[in-house]
Amino acid sequence: MSSGPYFTHKGIVFPGTNFYPVEHLNYVENEFQLMDDDVVSVVYPKSGTHWMGEILSLIRQDGDPTWARSVLMWKRIPWIESAATKDIVLNYAPPRYMSSHLPFQLFPKSFLHSKAKAIYTVRNLKDVLVSSFYFHKAYKRMRDPGTMQDLLDSFLNGNSIFGSWFDHVKGWLAMKDKPNVLINTYEEMQQDLRGSVERICRFLGKELTSQQIDSVVENASFETMKDNKMSNFSQASDEDMDHSKGKLMREGKSGIWKNYLTVAQNEQFDRVYQEKMKGVNVTFPWD
Ligand code: A3P
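Residues numbered from 1 in each chain as written. Predicted model: local features only at pLDDT ≥ 70, side-chain atom pairs only at ≥ 80, totals over all residues. Heavy atoms only, no water.

The element strand β6 (residues 181-185) is largely enclosed, with a buried count of 5 among its 5 residues. Here β6 shows no split at all, with V181, I183 and T185 on one side and L182 and N184 on the other all buried. Bridge analysis of strand β5 (residues 117-122) against β6 gives 5 bridges, and the strand direction is parallel. Across the sheet, the residue bridging to Y120 is I183, located in β6. (Buried < 20%, exposed > 50% of the residue type's maximum accessible area, 1.4 Å probe, protein only. Helix = DSSP H or I, 4+ residues; strand = E, 2+ residues; numbered from the N terminus. Pairing = 2+ DSSP bridges.)

Once that is clear, we can look at the nonpolar core. Core analysis: the biggest nonpolar cluster contains 91 residues, and F14, I55, L56, F107, W165, I200 and L204 have the highest contact counts within it. For this core, the leading source of residues is helix α6 (residues 125-138), giving 7 residues. The residues touching L56, leaving out its near neighbours within four places in the chain, are V39, S41, I77, Y97, I119, I200 and L204. (Core = buried A, V, L, I, M, F, W, Y, C linked by side-chain atoms within 4.5 Å. Contact = heavy atoms within 4.5 Å.)

What follows covers the sheet that holds strand β3 (residues 39-43). What holds strands together in a sheet is hydrogen bonding between their backbones, with the strands either parallel or antiparallel. Read across the open sheet, the 4 strands follow the order β4-β3-β5-β6; overall the sheet is parallel. Looking at strand neighbours, the two that pair on one side only are β4 (97-100) and β6, the edges of this open sheet. Strand-to-strand twist across the sheet, computed as the mean angle between neighbouring axes with direction ignored, equals 20 degrees. As paired strands, β3 and β4 are joined by 4 bridges and run parallel to one another. Residue S41 lies in a different strand from β4, and its bridge partner there is S99. The strands touched by helix α8 (residues 165-173) within the sheet are β3, β5 and β6, with β5 carrying the most contacts at an inclination of about 145 degrees. In the packing of helix α10 (residues 193-204) onto the sheet, the strands contacted are β3, β4, β5 and β6, and the crossing angle to β6 comes to about 170 degrees. (Axes fitted to C-alpha atoms, helices over the stretch in contact; angles between N-to-C directions.)

To continue, consider the site of the ligand. In the vicinity of the ligand lie 20 residues, with T49, H50, S131, E251 and G252 positioned nearest. In this structure, a nitrogen atom belonging to the ligand sits 3.2 Å away from a side-chain N or O atom of W51. E251 places a polar main-chain atom, nitrogen or oxygen, 2.6 Å from an oxygen atom of the ligand. For the ligand, whose unbound accessible area comes to 570 Å², protein coverage reaches 98%. Given that more than half its atoms are within 2 Å of the pocket grid, the ligand belongs to the largest pocket. Top element by residues in the shell around the ligand is helix α2 (residues 49-60). It accounts for 3 residues. Taken together, the residues that form the shell around the ligand break down as 8 nonpolar, 8 polar and 4 charged. (Near = heavy atom within 4 Å. Polar contact = N/O pair within 3.5 Å; in protein donor to acceptor, adjacent residues only side chain to side chain. Areas by Shrake-Rupley, 256 points an atom, 1.4 Å probe, with all protein chains shown as cover. 1 Å grid on protein atoms, 1.4 Å probe; cavity = no way out; pocket = protein on both sides within 12 Å on 5 of 7 lines; lining within 4 Å. Sits in = over half its atoms within 2 Å of the grid points. Nonpolar A, V, L, I, M, F, W, Y, C, P; charged D, E, K, R; others polar.)

Quick look at the packing of aromatic side chains now. In this structure the tally under the stated criterion is 23 aromatic pairs. Summarising the aromatic geometry, the rings of F19 and Y20 are spaced 6.2 Å apart at their centres and angled 75 degrees between planes, so their arrangement reads as edge-to-face. Between F135 and Y139, the ring centres sit 5.2 Å apart and the planes meet at 35 degrees, which makes this aromatic pair tilted. Across the pair, Y139 and F135 agree in class, each one buried. By the ring-pair criterion, three or more aromatic residues cluster together here, those being W165, F166, F269, Y273, F284 and W286. (Phe/Tyr/Trp six-rings, centres within 6.5 Å; stacked < 30°, edge-to-face > 60°.)

Across its 14 residues, α6 extends 20 Å between first and last C-alpha, which sits within 8% of the 20 Å expected from 1.5 Å per residue. Turning to α6, its buried residues number three or more, namely L125, K126, D127, V128, L129, V130, S131, S132, F133, F135, H136 and A138. Here the buried face of α6 lies against α7 (148-156), α8, α9 (186-191) and α13 (263-276). Of the residues flanking the start of α6, the one acting as N-cap is N124, its side-chain oxygen 3.0 Å from the backbone nitrogen of K126. (Expected span 1.5 Å × (residues − 1).)

Written out as structure tokens, the structure is:
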């Protein structure tokens, strides 16, 4: 069982200093300049980061899938907080489309004074839990999750990577009335991908034709993406990922938790969830 080189920075747990050296996290928070035409997809891990990355890559290219099929995801939509993609971010010809897992308090401060757009995607934490459980078993940069109960406890206690889900969601929801922030859910994308793509295009000011939207929807579907080796994580090195133990594109569904959580675990979850989300005036598809 790997313990993983996790560390805590400003109260937030990060999965290792290789990708997230503290100097880099400080640089991203305090010095990195977001530009007005930047687009950042912010997603709590296992909530649809790669899905939104694919959608945005396709929208950026007006529905043409060539880029998404020929360039690795992390080069198309680089993570702003990862030192591994720093040079890609800095050399990116605008408009830059980027990703982040950061909680709002560690997100670049320059966001507050720019017109850069942020799309925040939330997924039902019960499904995030199941998705994380299987992914963490295979992805060597993550700690072994132990049992489902162990991981459930750590999520409910707020000891998960990139911080407590509750704080992450509340921090970003506090920005929801800003004109350059769009709140989105994994579940809405599941229910009506085309509607979500249209909403994202309106938010970005991108006018795509009906055929171009069709192409985004088709190429960002689970079926197409799971076979796109530029997006499905199959190119992760053996050093990072034990491909015999799991994959990124596992089920791609909402409500999978029903097959994995016991009645007692579900009740434990609901008690904590209701307590921690008290006062949040947003109704999610799973509420
Ligand atoms: P599951 O593990 O439940 O299958 P992230 O990219 O943030 O790590 O999230 C990974 C989750 O998003 C996985 O969920 C994966 O299957 C799902 N996902 C990725 N692409 C998807 C798509 N096109 N449609 C639906 N779900 C997708």
